[in-house]
Amino acid sequence: MSATPASRPPIQRSETRAPRAAVAMFGLLLVAYAVNAMDRMVFPVLLVEVRAEYGFSLEAAGLQATVFALGMGLAGLPAGRLQRLLGRKRTIVAGTVVFSVATALTAASAGFADMLLWRVLSGAGEALQLAAIITVASSAFPARRGVAIGSVNMAFAAGSVIGPAFGASLLEDYGTWRAPMLAYGAIGVILAVAVVLLVSPLLTEAEPSAAAAAHIGGAASLLSRNPLVLAAVITLFGLADFAFIGLYASYLREELGFGSGSAGFVVGLSGLAAFASPLGGHLVDRFSPRVVLAALNVAVAVCGCALFLGPGSAGWQGTFSFLFGLFASSGVYVAAAGYLVKSVDAANVSRAAGMFVTCVYVAASVAGLLFSSLVATAGWTVAAMVQIVGFSAVGAALALALRPDLFSTTTTPARDHS
């Protein structure tokens, strides 16, 4: 009887293919993740047409646009267990197929309820794919874990830029919002097949070997000090960041009087900053988590103050929108993911990746509702000072409670030249 993925001994990193082949295969995984971003980001562009056809209210349409985050949050922790049962490659393929098929089925929705189901399922598939790819990045490239995880977020940034533009083009060419949904679903399935055929388990299931790079230390449980502190920091970040992502454009248009084109450009600058994500990974590889996460959260808080207390000019807002994206998407998001997988021992990396997804996206699923309620009660400025600035400041303070000496390290033995 053949061994199951859970009982199969881990493939040692020294047995993997040549580095170029490993990088190429990892690049294909990143392309698959970019399609994840394309799927996620195209739907909000199509909301006007969806509302016109189904008669959804603005609130109902907004829920359809963001409910994927609930699916991601609920599937994050189970994704870690699934990796141990199926293996990382199969989990990536399964996640890619689930979110792609759910995206395509959205085009066949009869009404609100089944469309909501497909949107939740698409988020669940994204969580499976993301958690497994983070685990691969950490395990297959142990000496450069932070940079590898940063490249995952950079792939998402690429998909976020391509997805809405290509989707709008398909909408114009075919005259229906269903065209981009079906096209992206098909692209995702094709890439899942490519991963099956072209990505070797020698990459996806690899673990650092003693001869190549030893994974030393880290917590034996997610309920240990560092993972729990990081979970709190990540949850606060999700509440702050997704308040900005979900409603900053509305602030520009309703409060500052920006036109739709100008608001789109300013908001887009924050997404553009995510291309610097490998730099955030470099910080993870080089510096103390206490210093990096505290400083980045403070920087996010400062940018929040600048955006909601400063001038309403396009130049000012554009500058600090870019900086907000730089410190949030390329900074806290990448650093928190990297430090969370470094906070545990090798046996718990997949669980930590799932925990990261759950903390970010459960928070994301309620961030917009909380922020809009604060805006309705106290106005834009007070709401931003509480949820974006205040939560980031608390996250910075919590980061100071981390114990850097308890994080895992990766050592590469010196070669014997004798």
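**Regarding the packing of aromatic side chains**
Counting across every chain of the model gives 17 aromatic pairs. For the pair Phe371 and Trp380, a centre-to-centre distance of 6.0 Å together with 65° between the ring planes defines the contact as edge-to-face. Relative accessible area serves as the criterion here: at 0%, Phe371 is assigned to the buried category. An aromatic cluster is defined as three or more aromatic residues linked by ring pairs; in this entry it consists of Phe244, Tyr248, Tyr251, Phe308, Phe324, Phe371 and Trp380.

**Brief notes about the nonpolar core**
Counting 121 residues, the largest nonpolar core has Phe26, Leu203, Phe356 and Tyr361 as the members making the most contacts within it. Beyond its immediate sequence surroundings of up to four residues, Leu203 is in contact with Ala22, Met25, Phe26, Leu29, Val136, Ala140 and Phe141.

**Considerations on the packing of helix α13 (residues 289–309) against helix α14 (residues 314–342)**
Contact pair α13 / α14: the axes reach a minimum separation of 9 Å and the direction vectors enclose 155°. Judged by the angle between their axes, α13 and α14 are roughly antiparallel. Helix-helix and strand crossings are classified by hand; for α13 and α14 the assignment is left-handed. Residues of the contact of α13 with α14, tallied by class, amount to 19 nonpolar, five polar and no charged.

**Re the environment of Ala352**
Structurally, Ala352 is set in helix α15 (residues 349–378). Setting aside chain neighbours within four positions, we find Ala352 in contact with Leu222, Leu340, Val341 and Val344.

What counts as what
Residues numbered from 1 in each chain as written. Predicted model: local features only at pLDDT ≥ 70, side-chain atom pairs only at ≥ 80, totals over all residues. Heavy atoms only, no water. Phe/Tyr/Trp six-rings, centres within 6.5 Å; stacked < 30°, edge-to-face > 60°. Buried < 20%, exposed > 50% of the residue type's maximum accessible area, 1.4 Å probe, protein only. Core = buried A, V, L, I, M, F, W, Y, C linked by side-chain atoms within 4.5 Å. Contact = heavy atoms within 4.5 Å. Axes fitted to C-alpha atoms, helices over the stretch in contact; angles between N-to-C directions. Helix = DSSP H or I, 4+ residues; strand = E, 2+ residues; numbered from the N terminus. Parallel < 35°, antiparallel > 145°, perpendicular 65-115°, else oblique. Left-handed = near helix turned anticlockwise from the far one by under 90°. Nonpolar A, V, L, I, M, F, W, Y, C, P; charged D, E, K, R; others polar.

None of this, on its own, says anything about what the molecule does.
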